[in-house]
Amino acid sequence: MSSTARIERDNAWPEISFEERIGTAEFRIHEKAHITVNGDSCRGCTTRECVVACPANLFVPTSDGGILFNYENCFECGTCYLVCNKEGAISWTYPEGGYGIVFHRT
Amino acid sequence: MMTSPTQHDADIIVVGAGPAGSCAAIAAARAGKSVILIERGPFPGSKNMYGGVVYPRILDELVPSWWETMPVQRWVVKRSTMLLSDSGALNIDFRANSWGAPPYNGATAYRPDFDNWLANHAVEAGARLVCSTTVTGLLRDSNGRIQGVSTDRPDGDLHAPIVIACDGVNSFLAKQSGLYPHTDASNFTLGVKETLALPKHVIDERFGVRDNLGVDIEILGGTSGVNGGGFIYTNLDTIALGVVLKLPKLAAQQKRPEQIIAELKRHPAIAPLIEGAEVKEYSAHVIPEAGLDMMPTMVADGMLVAGDAAAMCLAAGIWLEGVNFAMASGMYAGQAAAEAIAKNDVSSRGLSGYTDRLEKSFVLRDHRKLRKVPHLVLSDRVQHKYPAFVAGVVERVFRVDNPHPKPGVRRIVREERKKAGIGLLDLLRDGWTGMRGFG
Ligand SMILES: Cc1cc2nc3c(=O)[nH]c(=O)nc-3n(C[C@H](O)[C@H](O)[C@H](O)COP(=O)(O)OP(=O)(O)OC[C@H]3O[C@@H](n4cnc5c(N)ncnc54)[C@H](O)[C@@H]3O)c2cc1C
Ligand code: SF4
Ligand code: SF4
């Protein structure tokens, strides 16, 4: 084995899956969605900023050109409404008091 | 403007029990005013994440001997700035053993611990802390004067002549009051981080520290071409590793935040530090980055805005300080609000003691001094060209290429500058901005 290959092997270990990653955070889920996405606005959106930027990966493009959104594992960070440049596509609030993300060692 | 205390639930309502809100509540309660401190999380700190270092000297005034009770992970005695190119790294280290003894300098701490501790001081000072309650809007009388806040609790309206908005970077209150229409994505960065578990002795060995002493590493480069930076902080038995990413740049490319973290973790200068560590917690939060250029009006009739809600976080490359700016601005807001109640004038004029204090203190002075630095640090040249340029120069200065004789440094700099595609004028201009900005 060449020395470069050995260095690469030593430095690489499997990254955890996204599900495992999100599973490390605690979400107290309220039955009411605090963020809703207007599918009609998204259908005409070609830039799709939310898809790559949402740290919780909650915006999923569908085969018919829409966006599937689930509010449950949300960090409440605000990235989506800041990067989305379509007026009215995202309505964004905080969850009801006591619900949503709960950090522990952050 | 007169106040009518009889109909009020308190003199002052503070929204958000982060560092700004708790310090506002402590200061106002100490001045003898009745204070309600409202937090939407189940406990103070439960919604809050950051990189990892608090600089608490500003607490000398509010919590004497704070270091005796503060929930500290490690006292920072070593600060490093790391410049990463694709394959190399330049590390500038500074170690100060004096930072490991009172009155200290900075400490790593978990925000759920720290914020909870600070909010307890507000309670001890006499403030009423109400958790699990989201403030949904401002209450106004028929003349438009602020009268308090509405919340998501049944019959949850709370009345007070002064509201202090310490509700963080997405501040709905500042937006609703028209003070802060800040939704321009280019003023913000996204921070994502992993809390990585390793045995304490392994962290001690890898980072060259002992006991409860720790390290703070700021990283330039290594963010997969997205403008931003990285950080590594040592806690007792975890490492906080993360990146901050300029929002429009992140949104305009294909790599997701966790993939950018994964690439940073694989960099040959980083990988050995964290090898074998397990992800204990993944987290994300947005940072207001633009400093003075995005700050809102901070005083209105019956209302003050402090901390991240007023974009007071100082994010200038090797500095990522927000907690101390939040604590200071919160304290000044609490003091000014108490003063306004005492003189029975809650108009913006009556509350102007707040801006006076900000102007006289480090809060606005540091921001003014470093006004240009955030833009410089996040500029395309500094982000995409300088790390490789600097690493290239240093690599060639240290390279022993016998039998060739050593080339002159001036020649190396010229060649590497051209290789990196940096014009001489741009380099001089950035150097000048940097020197003026940091100096
Ligand atoms: C990735 C990252 C790294 C950072 N690194 C550092 C660092 O190393 N050192 C440092 O000093 N700073 C750092 N910062 C900045 C620092 O975290 C912030 O500047 C600081 O937390 C601001 O304090 P604050 O009290 O203004 O706001 P926050 O800490 O955001 O507190 C706001 C509070 O208000 C509550 N709230 C919000 N809306 C409502 C509502 N409607 N009703 C009721 N409650 C509400 C929230 O739950 C929260 O508790 C970092 C930030 C990030 C994101
Ligand atoms: S949420 Fe905004 S950015 Fe995302 S697809 Fe819809 S319109 Fe586009
Ligand atoms: S607030 Fe943050 S985590 Fe939640 S959906 Fe928007 S981008 Fe994703």
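Remember, predicted model here, so these are calculated numbers, not experimental data.

Asks: Just to check I follow, could you spell out the site of ligand 3 for this structure?
Replies: The environment of ligand 3 is formed by 15 residues, the closest being C54, C74, C77, C80 and W92 of chain A. Of the residues in the shell around ligand 3, the class split is twelve nonpolar, two polar and one charged.

Asks: Before we go on, may I ask you to explain the site of ligand 1 in this structure?
Replies: Near ligand 1 there are 36 residues, and of these E39, G51, V53, R111 and D308 of chain B occur at the shortest range. At the site occupied by ligand 1, nearby residues are drawn from chains A and B. Separating an oxygen atom of ligand 1 from a backbone N or O atom of P19 of chain B is a distance of 3.2 Å. Contact with the protein chains hides 98% of the accessible area of ligand 1, taken as 1000 Å² for the molecule alone. Residue assignment for the shell around ligand 1 shows that the elements contributing at least two residues are α1 (19–30), β16 (278–288), β20 (319–321) and α8 (323–342) of chain B. When residues in the shell around ligand 1 are grouped by element, the largest group, three residues, is from α8 of chain B. Looking at which domains feed residues into the shell around ligand 1, each of domain 1 (12–73 + 110–182 + 293–369) and domain 2 (185–288) of chain B supplies at least three.

Asks: I would appreciate a short explanation of the pattern of salt bridges in the present structure.
Replies: Pairing between side chains becomes possible if they bear opposite charge and their charged atoms approach one another. All names here are of chain B. For the structure on display, the rule yields 30 salt bridges over all chains. Its salt-bridge partner being E258, residue R256 comes within 3.0 Å of it at the nearest N-O pair. With a shortest N-O distance of 3.4 Å, R381 and D426 are connected by a salt bridge. Taken together, the residues span a long stretch of sequence, with R381 in helix α12 (residues 380–398) and D426 in helix α14 (residues 424–438) at a distance of 45 residues.

Asks: I tried to follow the domain arrangement of chain B on my own but got confused; where do I start?
Replies: By a widely used convention, the size of an interface equals the accessible area lost when the partners come together. Residues and elements named next belong to chain B. Each assigned domain of chain B is listed with its residue range as follows: domain 1 (12–73 + 110–182 + 293–369), domain 2 (185–288) and domain 3 (379–438). Its C-alpha centre places domain 1 at a distance of 28 Å from the equivalent point of domain 2. Of the residues lining the interface, 17 residues belong to domain 1; the matching set on domain 2 comes to 22 residues. Summed over both sides, the interface of domain 1 with domain 2 buries roughly 1700 Å², with 65% coming from carbon and sulfur. Contact with domain 2 buries surface across domain 1, with M49, Q73 and V169 losing the most and accounting together for 35% of the total. On inspection of domain 1 and its partner domain 2, the count reaches zero salt bridges. At the junction of domain 1 and domain 2, the tally comes to five residue pairs in polar contact (both at pLDDT 80 or more). Tallied by class, residues from the side of domain 1 that touches domain 2 come to eleven nonpolar, four polar and two charged.

Asks: I'm lost on helix α4 (residues 200–207) of chain B in this one. Help?
Replies: Two residues of an α-helix separated by three or four positions point the same way, owing to the 3.6 residues in each turn. Residues and elements named next belong to chain B. Residues of α4 that are buried include every one of V202, I203, D204 and F207, and no others. Tucked inside the fold, the buried residues of α4 contact β4 (74–84), β13 (213–220), β14 (228–234), β15 (238–246) and α7 (271–274). Count one or two residues on from α4 and you reach G208, which has phi positive near 70°.

Asks: I keep staring at the pairing of β14 of chain B and nothing clicks. Help me out?
Replies: The side chains of a regular strand alternate between the sheet's two faces. Residues and elements named next belong to chain B. Within β14, seven of the seven residues are buried, which leaves the element mostly enclosed by the surrounding structure. Here β14 shows two buried faces, one formed by G228, G230, I232 and T234 and the other by G229, F231 and Y233. Remark: three residues form the turn of the hairpin made by β14 and β15, two consecutive strands paired antiparallel.

Asks: Mind showing me how you'd approach the side chain of E258 of chain B here?
Replies: For E258 of chain B, the location among the structural elements is in helix α6 (residues 257–266). In contact with E258 of chain B, other than residues within four places in its own chain, are F18, R21 and P55 of chain A together with Y282 of chain B.

Asks: What exactly am I supposed to notice about the interface of chain A and chain B here?
Replies: Each side of the interface is counted separately: chain A has 41 residues, and chain B has 55 residues. Three residues stand out in chain A for area buried against chain B, namely L82, R105 and T106 of chain A, and they jointly supply 20% of the buried area on that side. Where chain A touches chain B, the interface holds four salt bridges. A salt bridge links D237 of chain B to R105 of chain A; the nearest nitrogen and oxygen atoms lie 3.8 Å apart. If you look at where chain A meets chain B, you find 23 residue pairs in polar contact (both at pLDDT 80 or more). At the level of secondary structure, the elements contributing two or more residues to the side of chain A that touches chain B comprise α1 (3–11), α2 (18–23), α4 (49–53), α5 (79–83) and β6 (100–102) of chain A. Within the side of chain A that touches chain B, the residues separate by chemical class into 22 nonpolar, eleven polar and eight charged.

Asks: What exactly am I supposed to notice about the sheet that holds strand β18 (residues 303–305) of chain B here?
Replies: By definition, the strands of a sheet pair up through backbone hydrogen bonds, in either a parallel or an antiparallel sense. All names here are of chain B. The strand order β7-β2-β1-β11-β18-β17 describes an open sheet built from six strands, whose pairing is mixed. Every other strand in the sheet has two partners, leaving β7 (128–130) and β17 (299–300) as the edge strands with one partner each. Direction of pairing for β17 relative to β18: antiparallel, over a ladder of two bridges. The partner of V299 across the bridge, within β18, is L304. Packed on one face of the sheet, α1 meets β1 (12–15), β2 (35–38) and β11 (162–165) and runs near 170° to β2.

Criteria and cut-off values
Residues numbered from 1 in each chain as written. Chains lettered and ligands numbered in written order. Predicted model: local features only at pLDDT ≥ 70, side-chain atom pairs only at ≥ 80, totals over all residues. Heavy atoms only, no water. Near = heavy atom within 4 Å. Nonpolar A, V, L, I, M, F, W, Y, C, P; charged D, E, K, R; others polar. Polar contact = N/O pair within 3.5 Å; in protein donor to acceptor, adjacent residues only side chain to side chain. Areas by Shrake-Rupley, 256 points an atom, 1.4 Å probe, with all protein chains shown as cover. Helix = DSSP H or I, 4+ residues; strand = E, 2+ residues; numbered from the N terminus. Domains from an automatic or database assignment. Salt bridge = Lys/Arg side-chain N within 4 Å of Asp/Glu carboxyl O. Contact = heavy atoms within 4.5 Å. Buried area = accessible area lost by both parts, 1.4 Å probe. Buried < 20%, exposed > 50% of the residue type's maximum accessible area, 1.4 Å probe, protein only. Pairing = 2+ DSSP bridges. Axes fitted to C-alpha atoms, helices over the stretch in contact; angles between N-to-C directions.

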